Amino acid sequence: MRSNRPSHTAFKVTGRVVALGHMAETRDILLRGAAEASERLLLGTGHIGTRFLGLYKSPWTHGLYRCSDRLQPGTLRGIAERKMFCEHEVRAASLRTFPRSPSISERHHSRT
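Numbers given to residues run from 1 along each chain, matching the order in which its sequence is written. The predicted nature of this model means local features are confined to residues of pLDDT at least 70 and side-chain atom pairs, given and counted, to a pLDDT of 80 or more, with totals for whole chains, interfaces and linings taken over all residues. Where side-chain values are given, they derive from all heavy atoms of the structure, hydrogens and water being excluded.

**Student:** Help me understand the overall build of the chain, please; the structure alone is not making it clear to me.
**Tutor:** In this description a helix means any DSSP run of H or I spanning at least four residues, a strand means any run of E spanning at least two, and both kinds are numbered starting from the N terminus. Tallying secondary structure elements over the chain gives six helices and zero strands in all. Secondary structure of the chain in N-to-C order comes out as α-α-α-α-α-α.

**Student:** So what exactly am I meant to see when it comes to the nonpolar core here?
**Tutor:** Grouped burial of nonpolar side chains is what soluble globular proteins tend to show. Only buried residues count toward a nonpolar core. Its members are Ala, Val, Leu, Ile, Met, Phe, Trp, Tyr and Cys residues joined through side-chain atoms within 4.5 Å. Accessible area is worked out with a 1.4 Å probe on protein chains only. A residue is then buried under 20% of its type maximum, exposed over 50%, and partly exposed in between. The biggest cluster of nonpolar side chains holds 18 residues, and the ones touching the most others in it are Leu 20, Leu 30, Leu 42, Leu 53, Tyr 56 and Tyr 65. When residues of this core are traced back to their parent elements, those giving at least two are α1 (8–21), α2 (34–45), α3 (50–57) and α5 (75–97). It is α1 that contributes the most residues to this core, five residues altogether. Residues contacting Leu 53, with those up to four places away along its chain left out, are Val 18, Glu 39, Leu 42, Leu 43 and Ile 48. A contact between two residues is defined here by any heavy atoms of the two lying within 4.5 Å.

**Student:** Could you clarify how one ought to interpret the side chain of Glu 39 in this entry?
**Tutor:** Its place among the elements puts Glu 39 in helix α2. On the basis of relative accessible area, Glu 39 is assigned to the buried category, the value being 13%.

**Student:** Sorry if this is basic, but what is going on with the packing of α1 against α5 here?
**Tutor:** Relative orientation and spacing of two packed helices are given, respectively, by the angle between their axes and the distance between those axes. Between the N-to-C directions of two axes lies an angle of 0 to 180 degrees, each axis being a line fitted to C-alpha atoms and, for a helix, fitted only over the stretch in contact. Where α1 contacts α5, the axes come no closer than 11 Å and their chain directions differ by 110 degrees. In terms of orientation, α1 and α5 fall into the roughly perpendicular class. Considering how the two elements wind past one another, α1 and α5 form a crossing that is left-handed. Taking contact as the criterion, the partners of Val 13, Arg 16, Val 17 and Leu 20 in α1 are, on α5, Leu 76, Ile 79, Ala 80 and Lys 83. Each residue is assigned to one of three groups, with Ala, Val, Leu, Ile, Met, Phe, Trp, Tyr, Cys and Pro labelled nonpolar, Asp, Glu, Lys and Arg labelled charged, and all others, Gly among them, labelled polar. When its residues are assigned to classes, the contact of α1 with α5 shows six nonpolar, no polar and two charged. Small angles under 35 degrees read as roughly parallel and large ones over 145 as roughly antiparallel, with 65 to 115 read as roughly perpendicular and the rest as oblique. Crossing chirality is assigned from the near helix's rotation relative to the far helix, an anticlockwise turn below a right angle marking it left-handed and a clockwise turn marking it right-handed.

**Student:** Sorry, what's going on with the packing of aromatic side chains here?
**Tutor:** Each aromatic pair joins two rings of Phe, Tyr and Trp (for Trp, the six-membered one) with centres within 6.5 Å, and gets the label stacked for planes under 30 degrees apart, edge-to-face for over 60, and tilted for any other angle. On inspection of all chains with the given rule, the structure shows one aromatic pair. Arranged with centres 5.8 Å apart and planes meeting at 85 degrees, the rings of Phe 52 and Tyr 56 form a pair that is edge-to-face. Here the residue Phe 52 and the residue Tyr 56 both occupy positions in helix α3, the gap between them amounting to four residues, near one helical turn. Note on Tyr 56: relative accessible area 14%, which makes it buried.

**Student:** Sorry if this is basic, but what is going on with the pattern of salt bridges here?
**Tutor:** When the charged atoms of two side chains lie near each other, side chains of opposite charge can form a pair. Each reported salt bridge corresponds to a side-chain nitrogen of Lys or Arg within 4 Å of a carboxyl oxygen of Asp or Glu. Across all of its chains, the model carries three salt bridges by this definition. Two residues, Lys 57 and Glu 39, come together in a salt bridge whose shortest N-O distance is 3.2 Å. With Lys 57 in helix α3 and Glu 39 in helix α2, this residue pair connects regions lying 18 residues apart in the sequence. The exposure class assigned to Lys 57 is partly exposed, which follows from its relative accessible area of 33%.

**Student:** I'm lost on the packing of α3 against helix α4 (residues 59–71) in this one. Help?
**Tutor:** Running from amino to carboxyl end, α3 crosses α4 at an angle of 45 degrees, the nearest separation of the two axes being 5 Å. Judged by the angle between their axes, α3 and α4 are oblique. Residues Leu 55, Tyr 56 and Lys 57 of α3 pack against Pro 59, Thr 61, His 62 and Tyr 65 of α4. Considering only residue class, the contact of α3 with α4 consists of four nonpolar, two polar and one charged.

This is how it looks when you write it as C-alpha cells:
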C-alpha cells in the first residue's frame, strides 16, 4: 500500500465482492456479511463515496458482469469461490499462527 492508499487491484477485488454479494447467482457463495464488510472498507478509505459504491450494486453493473460471464462461462462463480478460498486459507493460517484465545465474554462466563 503506497501513501496510505489501497492499490487499484484491492479496489477492484473489493468492489467485485460488493457486486457479487448483491447478485442472486453469487450471493450465496460469499460468506455472510462479506459484501457489507467490503462496502465499509471501500467507504472507509475515503477515496470513493456512496454514489460510486452504488454502481457496484446497480442492475447496469450486474448486467455487464452477466454479459462477461456469458463470454467466459463460470467467471462470476469462479471469482466468488476464489475469494472464499482465500478467506478460508487466511483464517486457517492465522489460527495456526495465533491460536484462538477465549473472548472477553467467554472469559467472563467461565468465572460464573
